[in-house]
Amino acid sequence: MIARTDRAKQVELPPIDTGPLLRRRRVRAFQQAAAIAISLFMGVPIYLITIAALSSRQGLNEFPLSFLPTHFSVATLEAFLTSTAVGPSMINSLLVGVWTIVLSLLIGAPAGYALARFVFRGRDAYQLVLLLTRALPIVVLSIPLAKLFLNAGMFDSVFAVALLHTALAVPTTVLITASIFVSVPRDLEEAALLFGCTRFGAFRRVVMPMAAPGIAASSVFTFVLSWNEVLASAVLTLNNRTLPAQVLSSLRQSPLAYQFAGGFVLIVPGLIFILLMRRYLLNMWGSGVR
C-alpha cells in the first residue's frame with residue numbers, strides 16, 4: 001500500500017494549455033479595439049460639427065480651434081433654422097422618409113418572406129439581380145427620370161422623390177427581411193396554422209413579432225438612405241426640395257458658420273430616429289434594451 005501511494009504521488013499532471021484562452025482574449029481585445037476605432041471614426045466628425053454649430057463666429061475664427069467648446073452660442077443655428085426654406089424642406093424630408101419606409105416595407109417585406117419560405121426557380125439569380133440594381137448610379141437615370149415624372153405630372157413633388165427613394169431602398173429591404181424571416185422557425189408558423197390561423201394570420205401573429213428587429217433595422221437603413229440622399233431631390237424638385245438638396249443649393253456660397261449649422265441639422269434627425277429604434281436593433285443581436 002505504501003509503495004502504491006508513493007507511485008501515485010510521483011505522477012505529475014500535464015501542464016495546462018493556456019493557448020486557447022490567450023487566443024480568445026486577444027480576439028476579444030482586437031474586437032473591442034476595432035469597435036472603439038470605428039466609434040471614434042464615426043463619432044469625432046459628428047462631435048466637431050456639433051461644436052462648430054453651437055459656437056459663436058468669434059470662436060470659429062480662432063486659430064488653432066479648441067477641441068472643447070469655449071464660445072457657446074446658438075445664434076447661427078437659430079438664424080439657419082429660421083431661414084425661409086429650411087422649415088418646409090425639413091418637413092419634406094420627413095415626409096419623404098416616412099413614405100419611403102412605408103412603401104419599401106409594403107413591397108420588400110412580402111418579397112423577403114417569399115424568398116425565405118418558398119423555393120422557386122431562379123431564386124438565387126433574383127437575389128443577385130437585386131444586388132446589381134444598387135450598382136447602377138442614379139446619375140445615369142437622372143434625365144430619363146426627370147422626363148418621366150414631367151410626363152406623368154409628378155415633377156417637383158414630394159411623392160416623386162419618395163418613389164425614387166423607394167426604388168433605391170427596396171433591394172436592401174428585400175434582402176434584410178429575407179434573412180430575418182429565414183431565422184424565424186417554420187415550426188411556429190405551422191403550429192399557428194394547425195390551431196386555426198390563416199396564412200396571413202400566422203404571418204401577422206407569429207412571424208411579424210419575431211421579425212420586428214430585422215424590420216426595424218431595415219427601416220433605419222431606409223430612413224437614413226432617404227434622409228441623406230440629395231441627387232434625386234435636386235433633379236426632380238425645384239420648389240419642394242428636401243433638406244439636403246436645399247442645404248446644397250443655398251449654403252454653397254454661405255459663410256462657414258451656416259454650413260456647420262446646416263450639417264448639424266442634417267445629422268440630428270437621423271440620430272434621433274436611430275435612438276428611437278435602438279431597442280429593436282439591439283434585440284436583433286440578443287441584447288435587451290428598454
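Residues numbered from 1 in each chain as written. Predicted model: local features only at pLDDT ≥ 70, side-chain atom pairs only at ≥ 80, totals over all residues. Heavy atoms only, no water.

(A) Main features of the overall build of the protein. Of the regular secondary structure elements, the protein holds 14 helices and zero strands. When the helices and strands of the protein are read in sequence order from the N terminus, they spell out α-α-α-α-α-α-α-α-α-α-α-α-α-α. Per-residue burial over the protein gives 36% buried out of 290 residues. The contacts in the protein between residues at least 6 apart in sequence include a share of 71% that link residues at least 24 apart. By element, 68% of the accessible surface of the protein is carried by carbon and sulfur atoms, the whole surface being about 18400 Å². (Helix = DSSP H or I, 4+ residues; strand = E, 2+ residues; numbered from the N terminus. Buried < 20%, exposed > 50% of the residue type's maximum accessible area, 1.4 Å probe, protein only. Contact = heavy atoms within 4.5 Å. Areas by Shrake-Rupley, 256 points an atom, 1.4 Å probe, with all protein chains shown as cover.)

(B) Region of interest: unusual backbone geometry. Its identity is not glycine, yet Asp156 carries a phi of approximately 60 degrees, on the positive side. Structurally, Asp156 is set in the loop between helix H7 (138-151) and helix H8 (158-183). For Asp156, a relative accessible area of 17% corresponds to the buried category.

(C) Summary view of the packing of H8 against helix H10 (residues 199-228). Two elements in contact, H8 and H10, have axes whose closest approach is 9 Å; the angle formed by their N-to-C orientations is 145 degrees. The element H8 and its partner H10 pack so that their crossing is right-handed. Mapping the contact onto sequence places His165, Leu168, Ala169, Thr172, Thr173, Ile176, Ile180 and Phe181 in H8 and Phe203, Val207, Ala211, Gly214, Ser218, Phe221, Thr222, Leu225 and Ser226 in H10. Per-class residue counts for the contact of H8 with H10 are ten nonpolar, seven polar and no charged. (Axes fitted to C-alpha atoms, helices over the stretch in contact; angles between N-to-C directions. Left-handed = near helix turned anticlockwise from the far one by under 90°. Nonpolar A, V, L, I, M, F, W, Y, C, P; charged D, E, K, R; others polar.)

(D) Seen up close, the nonpolar core. The biggest cluster of nonpolar side chains holds 18 residues, and the ones touching the most others in it are Phe80, Leu243 and Phe273. Residue assignment for this core shows that the elements contributing at least two residues are helix H4 (75-81), helix H5 (86-117), H10, helix H12 (243-250) and helix H13 (256-276). No other element matches the five residues that H13 contributes to this core. By size, the runner-up hydrophobic cluster in this structure holds 14 residues, among which are Val96, Ala146, Phe149 and Leu168. (Core = buried A, V, L, I, M, F, W, Y, C linked by side-chain atoms within 4.5 Å.)

(E) Geometry of the pattern of salt bridges. Scanning the entire structure with this criterion turns up two salt bridges. Salt-bridge contacts for Glu189 lead to Arg117; the nearest nitrogen and oxygen are separated by 2.9 Å. Of this pair, Glu189 sits in helix H9 (residues 186-194) while Arg117 is found in helix H5, placing the two residues 72 residues apart along the sequence. The exposure class of Glu189 is buried, given its relative accessible area of 2%. The network of salt bridges with common partners includes Arg117, Glu189 and Arg199. (Salt bridge = Lys/Arg side-chain N within 4 Å of Asp/Glu carboxyl O.)

(F) Just the side chain of Thr242, in detail. Locating Thr242 in the fold gives a position in the loop between helix H11 (231-236) and H12. If we skip the residues at most four places from it in the chain, Thr242 touches Ser89, Asn92, Ser93, Val96, Val161, Glu229 and Ser233.

(G) Highlighting the packing of aromatic side chains. Scanning the model with the defined rule gives six aromatic pairs in all. Ring centres of Tyr113 and Phe181 lie 5.6 Å apart, and the angle between their planes is 85 degrees; this geometry places the pair in the edge-to-face category. Highlighted residues: Tyr113 in helix H5 and Phe181 in helix H8, separated in sequence by 68 residues. Under the relative-accessibility criterion, Tyr113 is labelled buried at 9%. Plain terms: the ring middles of Tyr113 and Phe203 are 4.9 Å apart, the flat faces sit at 75 degrees to each other, and that makes the pair edge-to-face. Of this pair, Tyr113 sits in helix H5 while Phe203 sits in helix H10, and the two are 90 residues apart along the sequence. Here Tyr113 matches Phe203 in class, with each residue buried. Linked through ring pairs, Tyr113, Phe118, Phe181 and Phe203 together constitute an aromatic cluster. (Phe/Tyr/Trp six-rings, centres within 6.5 Å; stacked < 30°, edge-to-face > 60°.)

(H) Just H10, in detail. The terminal C-alpha atoms of H10, which comprises 30 residues, lie only 37 Å apart, well short of the 44 Å expected from a rise of 1.5 Å per residue. The sharpest bend along H10 measures roughly 55 degrees and falls at Ala212, with the proline Pro213 sitting one to four residues further on. (Expected span 1.5 Å × (residues − 1). Bend = angle between axes of the 7 residues up to and from the residue.)

(I) How the structure looks around the environment of Pro255. Counting through the fold element by element, Pro255 comes out in the loop between H12 and H13. Measuring from C-alpha to C-alpha, the distance between Pro255 and Arg57 comes to 9.7 Å, with 198 residues separating the pair along the chain.

(J) Spotlight on the packing of H7 against H8. Packing of H7 against H8 brings their axes to within 12 Å, and their N-to-C directions diverge by 140 degrees. As far as their axial angle goes, H8 and H7 are oblique. Along this stretch, H7 crosses H8, giving a crossing that reads as right-handed. Counted together, Ile138, Leu145 and Phe149 of H7 and Ala160, Leu163, Leu164 and Leu168 of H8 form the full contact between these two elements. When grouped by side-chain class, the residues that make up the contact of H7 with H8 number seven nonpolar, no polar and no charged. (Parallel < 35°, antiparallel > 145°, perpendicular 65-115°, else oblique.)

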